[in-house]
Amino acid sequence: MASPNSTFTELVSTTFRNHKKEIADNVSNRNALLKRIMMKGNYEREDGGLTIVTPLDYAENSTYQRYSDWDTLNIGASDVISAAEYQWKQIALNVVSSGRELRINSGENRIIKLAKGKMKNAIRTFNNNFSEDIYSDGTASNQVNGLQALVSDLGTGTVGGIDSSTYTFWKNTIFDLSTNSVTISASTIENSAMLPLWLSLDRGPDDCPDLIVADNTYYQYFEASQVSIKRYIDATDANGGMVSLKYKNADVMYDGNSGIPSAHMYFLNTQYLGLTVHKDADLEVMEEQRPINQDGVVVPIVWMGNLWCSNRSQQGVIIA
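Presented here is a report on the structure given in the accompanying data block.

The subject of this paragraph is the sheet that holds strand β1 (residues 43-46). Reading across from one edge, β1-β13-β14-β4 is the order of the 4 strands in this open sheet, with mixed pairing throughout. Either end of the sheet is taken by a strand with one partner, and the two such strands are β1 and β4 (89-98). If you compare each strand with its neighbour and ignore which way they point, the axes differ by 30° on average. Of the pairings in the sheet, the one linking β4 to strand β14 (residues 296-309) comprises 10 bridges and is antiparallel in character. Across the sheet, A92 pairs through a bridge with V302, a residue of β14. Helix α5 (residues 108-134) rests against β4, β13 (273-285) and β14 of the sheet, and its axis sits at about 155° to β4.

On to the environment of Y64. Mapped onto the elements, Y64 comes out in the loop between β2 (52-57) and β3 (81-86). The exposed category is assigned to Y64, whose relative accessible area is 64%. Distance in space between the C-alpha atoms of Y64 and I75 is 9.5 Å, their sequence separation being 11 residues.

A few words on the nonpolar core. Core analysis: the largest hydrophobic core is formed by 47 residues, its most contacted members being L33, Y86, F130, L268 and W303. Looking at this core, the element that brings in the most residues is β14, giving 7 residues. If sequence neighbours within four positions are ignored, W303 has contacts with K89, Q90, I91, F126, F130, V144, L275, V277, A281, D282 and L283. Grouped together as the second largest cluster of nonpolar side chains are 23 residues, V182, I184, L197 and I212 included.

Within the secondary structure, N311 sits in the loop between β14 and β15 (316-319). Sequence-wise, N311 and Q271 are 40 residues apart; in three dimensions their C-alpha atoms are separated by 9.1 Å. Ignoring anything within four residues of it in the chain, the contact list for N311 reads W170, R203 and Y272. A distance of 3.4 Å separates a polar side-chain atom of N311 from the backbone nitrogen of Q314.

Let us look at the packing of aromatic side chains. If you walk through the whole model with that rule in mind, you get 7 aromatic pairs. Taken together, a centroid distance of 5.9 Å and an interplanar angle of 50° make the contact between Y219 and Y254 tilted. Separated by 35 residues along the polypeptide, Y219 in helix α8 (residues 216-226) and Y254 in strand β11 (residues 250-254) bring together distant segments of the chain. Judged by relative accessible area, which is 30%, Y254 ranks as partly exposed. Ring geometry for F222 against Y247: centres 6.2 Å apart, planes inclined by 80°, an arrangement best described as edge-to-face. Note that F222 is positioned in helix α8 and Y247 in strand β10 (residues 244-247), a separation of 25 residues in sequence. Note on accessibility: F222 and Y247 belong to one class, buried. Each residue in the set F126, F130 and W303 is aromatic and connected to the rest through ring pairs, giving one cluster.

Note that T188 resides in the loop between β7 (173-176) and α7 (189-201). Polar side-chain contacts of T188 include one of 2.8 Å to the backbone oxygen of T183. Excluding residues that lie within four positions of it along the chain, T188 makes contacts with V182, T183 and A193.

If you check α5, its first and last C-alpha atoms are 39 Å apart, about what 27 residues at 1.5 Å a residue would give, namely 39 Å. Of the positions making up α5, those classed as buried are I111, L114, A115, M119, A122, I123, F126, N127, F130, S131, D133 and I134.

A contiguous nonpolar patch, built from Y67, L73 and I75 and spanning about 380 Å² of accessible area, is present on the exposed surface. Along the chain, Y67 falls in the loop between β2 and β3.

The phi dihedral of S181 falls on the positive side, at around 55°, and the residue is not glycine. Within the element layout of this structure, S181 appears in the loop between β7 and α7. Positive phi is not limited to glycine here, since L283 has a value of about 55°. Among the secondary structure elements, L283 is positioned in strand β13. Here L283 falls in the buried class, since its relative accessible area comes to 9%.

The rules we used
- All residue numbers here refer to positions counted from 1 along the written sequence of the relevant chain.
- Reporting of local features is limited, given that this is a predicted model, to residues whose pLDDT is at least 70; pairs of side-chain atoms are given and counted only at 80 or more, and all residues count toward the totals for whole chains, interfaces and linings.
- Remark: hydrogens and water are excluded; side-chain values derive from all non-hydrogen atoms of the structure.
- Pairing between strands is defined by DSSP: at least two bridges between the two strands are required.
- Going along the chain from the N terminus, every DSSP run of H or I of four or more residues is numbered as a helix, and every run of E of two or more is numbered as a strand.
- Helix axes use the C-alpha atoms of the stretch in contact, all axes being lines fitted to C-alpha atoms, and the angles between their N-to-C directions lie in the range 0 to 180 degrees.
- Any two residues whose heavy atoms approach within 4.5 Å are treated as being in contact.
- With a 1.4 Å probe rolled over the protein chains alone, any residue whose accessible area is under 20% of its type maximum counts as buried; one over 50% counts as exposed, and the rest are partly exposed.
- Here, nonpolar core refers to any group of buried Ala, Val, Leu, Ile, Met, Phe, Trp, Tyr and Cys residues whose side-chain atoms link them within 4.5 Å.
- The term polar contact refers here to a pair of N or O atoms within 3.5 Å; inside protein, the definition further demands a hydrogen-donor-capable atom paired with an acceptor-capable atom, and it admits residues adjacent in sequence only when both atoms are side-chain atoms.
- Pairing of aromatic rings covers Phe, Tyr and the six-membered ring of Trp, with a centre-to-centre limit of 6.5 Å; geometry is then stacked below 30 degrees between planes, edge-to-face above 60, and tilted otherwise.
- An expected span of 1.5 Å times one less than the residue number is assigned to each helix.
- Put simply, a patch holds well-exposed residues, over 30% relative accessible area, that have no salt bridge, with like charges counted together within 9 Å and Val, Leu, Ile, Met, Phe, Trp or Tyr side chains within 5 Å.
- The method behind every accessible area is Shrake-Rupley, applied with a 1.4 Å probe, and residues are considered shielded solely by the protein chains displayed.
- Salt bridge, as applied in this entry: a Lys or Arg side-chain nitrogen positioned within 4 Å of an Asp or Glu carboxyl oxygen.

And the structure:
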């Protein structure tokens, strides 16, 4: 007969491996940005490398030339491609049970319930913490790049190894309400704040913000501004399992419970945002571990990757 330890470990491992897509969907469905990244196909699995390298387009090709007949053509080399380099970040989550707990629940039904309870708690813990990491400034130890780092309040900073103070093309766009003398409210948010930022980011129908995420306050102002012209996107469609409004052709979503900072509204062109994970550490269940001086079992679950941006200038934020 299998021991309670081995049965518990097998149940945890099997649950994670058989329901990995469902678990990943649960994580992304709680976070508007993650859901859009999944929809765009920018969730990538890599098999290695010292860093995560993302190619950039930061300057025009200098050989564009108008010519006639036998004019000499410009064939000079154009250095238009560089790359941002993001470090791998790691997350570990351990499903733990003591020997006493395992033996008390050693019956078939009880051990299944114990494993399910532990798994549910582990998944909820990962959901809550990873969602907060996605909106963080990335300064906590070993934390992924959060949106506050990729789209910073100052527009500056070193992101992906590129110093935006030196390379100004790498600054994100900001609209500071105080600098522009805007008192934010339901009557001013759309024309006095959102429109100017949108115009600075709009490069045509295929290159403009497609997702706007807002905190509690700014989302309420925006919804109140719509009065009778609200256009809702149904929560049951492919836009993320959450109800949203529309601004031009972008979805406007409330993401205030996911860790977004207060008094912020992000304008995101998500074709330039993505999440890369290592294929061997995408919520991967490791071999069980047993402490040498304690009676129990530990089942580690590991994740390794990072959030990246390939064009900061096309990302914007409204700040107070």
